[in-house]
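Next come the chains, spelled out residue by residue.
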Amino acid sequence: MEARDHELKKELAATLQARGELGPEYESALVDSFLEKVEQRLDSTMDRRVRRHLAEQQVTAARGPGAARPPSAAGVGTAGAAAAGFGERFGFAVVSLVLAVPLSAIGVVNAGIEGLVVAWLGIVGVNAVHAAHSGGLFRQRERERRRAVPEWQE
């Protein structure tokens, strides 16, 4: 990274020197040229990052759904899986609450108290469906019931 910074510094120094020699009438062309070089550098950096990210996603997808768990949850058993599930549910809840503010405002402005009620019913409904789908409500109770009853009694 330092080499790239050094190259940019050299380019800037050359641009400033050329401006001094050519005068202010060429200033906009020199600045545009320098900014184009900076933009090309940024584009190449972003392209590299996007390619790396896509490659990581392809590797993760190729390994299968079990490999997508974070290393701290892998091999820990149900406690690690529960911790990973908690993080997902917590994040979803936070995003829901953040989005609840503008949705509530839009509902009140457009339809009064009825709009507010509809907005919150939608928020609660989406959270309930997400919790049920991710195993947060119904499956968790079933797992707890199975853990409480030994296998030989079933």
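Residues numbered from 1 in each chain as written. Predicted model: local features only at pLDDT ≥ 70, side-chain atom pairs only at ≥ 80, totals over all residues. Heavy atoms only, no water.

Looking at an unreviewed UniProt entry, one finds the protein named Integral membrane protein and attributed to Streptomyces bacillaris.

### Considering a negative patch on the surface
Selection rule: Residues form patches when they are more than 30% accessible in relative terms and have no salt bridge. Like charges link within 9 Å. Nonpolar side chains (Val, Leu, Ile, Met, Phe, Trp, Tyr) link within 5 Å. Per-residue and other accessible areas follow the Shrake-Rupley method at a 1.4 Å probe size, with only the shown protein chains counted as cover for residues. The rule for a salt bridge is simple: a side-chain nitrogen of Lys or Arg has to be within 4 Å of a carboxyl oxygen of Asp or Glu. Charge counting treats Lys and Arg as positive and Asp and Glu as negative, with His and both chain ends excluded. Charge positions come from single atoms, namely NZ of Lys, CZ of Arg, CG of Asp or CD of Glu. Here a helix means four or more residues in a row that DSSP labels H or I, a strand means two or more in a row labelled E, and each is numbered from the N terminus.
Where like charges cluster on the molecular surface, the negative patch consists of Asp 32, Glu 36, Glu 39, Asp 43 and Asp 47. Looking at the element boundaries, Asp 43 is found in helix H2 (residues 27–63).

### Topic: the side chain of Thr 45
So the rule is basically this: A simple rule labels every residue: compare its accessible area, found with a 1.4 Å probe on the protein chains alone, to the largest value its type can have, and call it buried under 20%, exposed over 50%, or partly exposed in between. Contacts described as polar in this section are N or O atom pairs within 3.5 Å, which, within protein, must combine one atom able to donate a hydrogen with one able to accept it, while residues neighboring in sequence count only if both atoms come from side chains.
Mapped onto the fold, Thr 45 is located in helix H2. Note on Thr 45: relative accessible area 15%, which makes it buried. Among the polar contacts made by the side chain of Thr 45, one reaches the main-chain carbonyl oxygen of Arg 41 at a distance of 2.9 Å.

### What about a positive patch on the surface?
Together, Arg 48, Arg 49, Arg 51 and Arg 52 give the surface a local cluster of positive charge. Note on placement: Arg 49 falls in helix H2. Accessibility expressed as a relative area gives 47% for Arg 49, which makes it partly exposed.

### Some words on the pattern of salt bridges
Taken as a whole, this structure holds 3 salt bridges when the rule is applied. Residues Arg 41 and Glu 7 are paired through a salt bridge, measuring 3.4 Å at the closest nitrogen-oxygen approach. With a gap of 34 residues between them, Arg 41 in helix H2 and Glu 7 in helix H1 (residues 2–22) connect regions that are remote in the sequence. Overall, Glu 7 belongs to the partly exposed group, its relative accessible area being 41%. Where Glu 27 meets Arg 19, a salt bridge forms, and the shortest distance between an N and an O atom there is 3.3 Å.

### Description of the UniProt feature "transmembrane region" (unreviewed entry) in the protein
Rule in force here: UniProt positions are given in the numbering used here, feature names are shortened, and annotations may be inferred rather than shown by experiment.
Residues annotated by UniProt as "transmembrane region" (unreviewed entry) correspond here to residues 90–111 and 117–138. Across residues 90–111, the secondary structure splits into 100% helix and 0% strand, with the terminal C-alpha atoms separated by 30 Å.

### Side note on the environment of Ala 14
Within the secondary structure layout, Ala 14 lies in helix H1. Along the backbone, Ala 14 and Phe 34 are 20 residues apart, and their C-alpha atoms lie at a distance of 9.5 Å.

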